[in-house]
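What follows is the residue order along each chain.
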Amino acid sequence: MLLAIDCGNTNTVFSIWDGESFIGTWRTSTDWQRTADQYYVWLSTLMKFQKIDVEITDMIISSTVPRVVFNLRVLADRYFHTRPIVVGKPDCLLPVDVRVDTGTAVGPDRLVNTVAGHDLYGGNLIVVDFGTATTFDVVSEDGAYIGGVIAPGVNLSLEALHHAAAALPHVDIAKPQSVIGTNTVACMQSGVFWGYVGLVKEICARIKGERAREMKIISTGGLAPLFQQTEDLFDEFHDDLTMHGLTVIHRYNKENN
Ligand SMILES: Nc1ncnc2c1ncn2[C@@H]1O[C@H](COP(=O)(O)OP(=O)(O)OP(=O)(O)O)[C@@H](O)[C@H]1O
Ligand SMILES: CC(C)(CO)[C@@H](O)C(=O)NCCC(=O)O
Ligand SMILES: [K+]
């Protein structure tokens, strides 16, 4: 059975794929110092708790934090006796082209989202992922990653205000009642929430303009539904787009390597 790991700058998600569906998904904070033994204790405890008694034979990793890959490789080797596929490494094949400036190391999460988007929704896509950063991946007619946009993440923007200004508190994102805030928290939420709605609309419109064609907008990540509540920003929302992409890339490598 496949263990797929999506390691972002904030959170790391582990999912077990039985070939048809994910039978377990667990989330932990990303910490490059966590050892293989710690991962194993954590994972096996949660598996036992959910009565998931399966043998992990395969592993695939997407990591935006290069340092964590070492310990995840040790986990694969020591506990599952397998060699993981690591997205972005030369020996990991991708079912789509990557057309960017030479020397650019595209984030593996963006490559995985491109593959997943193409697999589920075809070509001419904008994939928007609300993680630590908010990324827009532009997918061509034939499914290639042809570039995109990186914007500061929603929570990162709120944290930046809190850190830089002595009188601004820590605030969680929420949809404000109105645009005009009548207290500090409401003012901050308004700036980030409505600023973000504008950012998403403007960037998608300009991408479509530059490409001179209609494109489908796909969203993923924890905060996408919050924005979709208000405005019709996205054509589709997919909760675990990155995990889906990892299963597609795993299958492609099994068939072609
Ligand atoms: N309504 C909400 N308000 C605040 N945070 C939310 C809300 N809904 C989801 N989240 C947050 O969204 C996050 C899930 O997002 P996601 O997994 O896409 O990115 P991440 O883990 O923050 O970033 P990365 O993948 O870059 O590490 C969770 O950490 C969760 O706390
Ligand atoms: C932009 C992030 C941080 C989003 O997770 C990640 O995809 C990344 O580190 N990318 C590297 C740079 C690039 O994608 O062009
Ligand atoms: K993510």
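This is a predicted model, so every value here is computed, not measured.

The rules behind each value
Residues numbered from 1 in each chain as written. Chains lettered and ligands numbered in written order. Predicted model: local features only at pLDDT ≥ 70, side-chain atom pairs only at ≥ 80, totals over all residues. Heavy atoms only, no water. Phe/Tyr/Trp six-rings, centres within 6.5 Å; stacked < 30°, edge-to-face > 60°. Helix = DSSP H or I, 4+ residues; strand = E, 2+ residues; numbered from the N terminus. Buried < 20%, exposed > 50% of the residue type's maximum accessible area, 1.4 Å probe, protein only. Lys NZ or Arg CZ within 6 Å of the ring centre and 35° of its normal. Contact = heavy atoms within 4.5 Å. Near = heavy atom within 4 Å. Polar contact = N/O pair within 3.5 Å; in protein donor to acceptor, adjacent residues only side chain to side chain. Areas by Shrake-Rupley, 256 points an atom, 1.4 Å probe, with all protein chains shown as cover. Nonpolar A, V, L, I, M, F, W, Y, C, P; charged D, E, K, R; others polar.

J.: So what about the packing of aromatic side chains? Which residues, and what values?
T.: Counted by the stated rule, this structure contains 11 aromatic pairs. Considering the side-chain rings of phenylalanine 193 and phenylalanine 227, the 5.1 Å spacing of their centres and the 15° angle between planes classify their relative orientation as stacked. On the criterion of sequence distance, the pair formed by phenylalanine 193 in helix 5 (residues 184–211) and phenylalanine 227 in helix 6 (residues 224–230) is long-range, its members being 34 residues apart. Accessibility classification places phenylalanine 193 together with phenylalanine 227 in one group, the buried group. Judged by centre distance (5.7 Å) and plane angle (35°), the ring pair of tyrosine 196 and phenylalanine 227 falls under tilted. Of this pair, tyrosine 196 sits in helix 5 while phenylalanine 227 is found in helix 6, placing the two residues 31 residues apart along the sequence. As far as the burial class goes, tyrosine 196 and phenylalanine 227 line up, both buried. Put simply, the rings of Phe130, Phe193, Trp194, Tyr196, Phe227 and Phe234 pair up and form one aromatic cluster. Looking at arginine 67, its charged tip hangs above the ring of tryptophan 32, at a distance of 3.6 Å from the centre.

J.: How would you sum up the environment of valine 115? Please name residues and give values.
T.: As for its position among the elements, valine 115 is in helix 3 (residues 108–121). Given a relative accessible area of 2%, valine 115 falls into the buried group. Sequence separation of valine 115 and threonine 247 is 132 residues, and the distance between their C-alpha atoms is 10.0 Å. Sequence-distant contacts of valine 115, defined by excluding residues within four places in its chain, comprise Pro95, Val96, Gly245, Val248 and Ile249.

J.: Describe the site of ligand 2, naming the residues involved and giving the relevant values.
T.: Lining the immediate surroundings of ligand 2 are Asn9, Thr64, Ala105, Val106, Gly107, Asp109, Arg110, Thr135 and Ile150. Interatomic distance of 2.5 Å between a side-chain N/O atom of aspartate 109 and an oxygen atom of ligand 2. Coverage of ligand 2 by the protein amounts to 72% of the 380 Å² it exposes when considered alone. For the shell around ligand 2, a count of residues per class yields three nonpolar, four polar and two charged.

No statement about biological role is implied by the geometric values presented.
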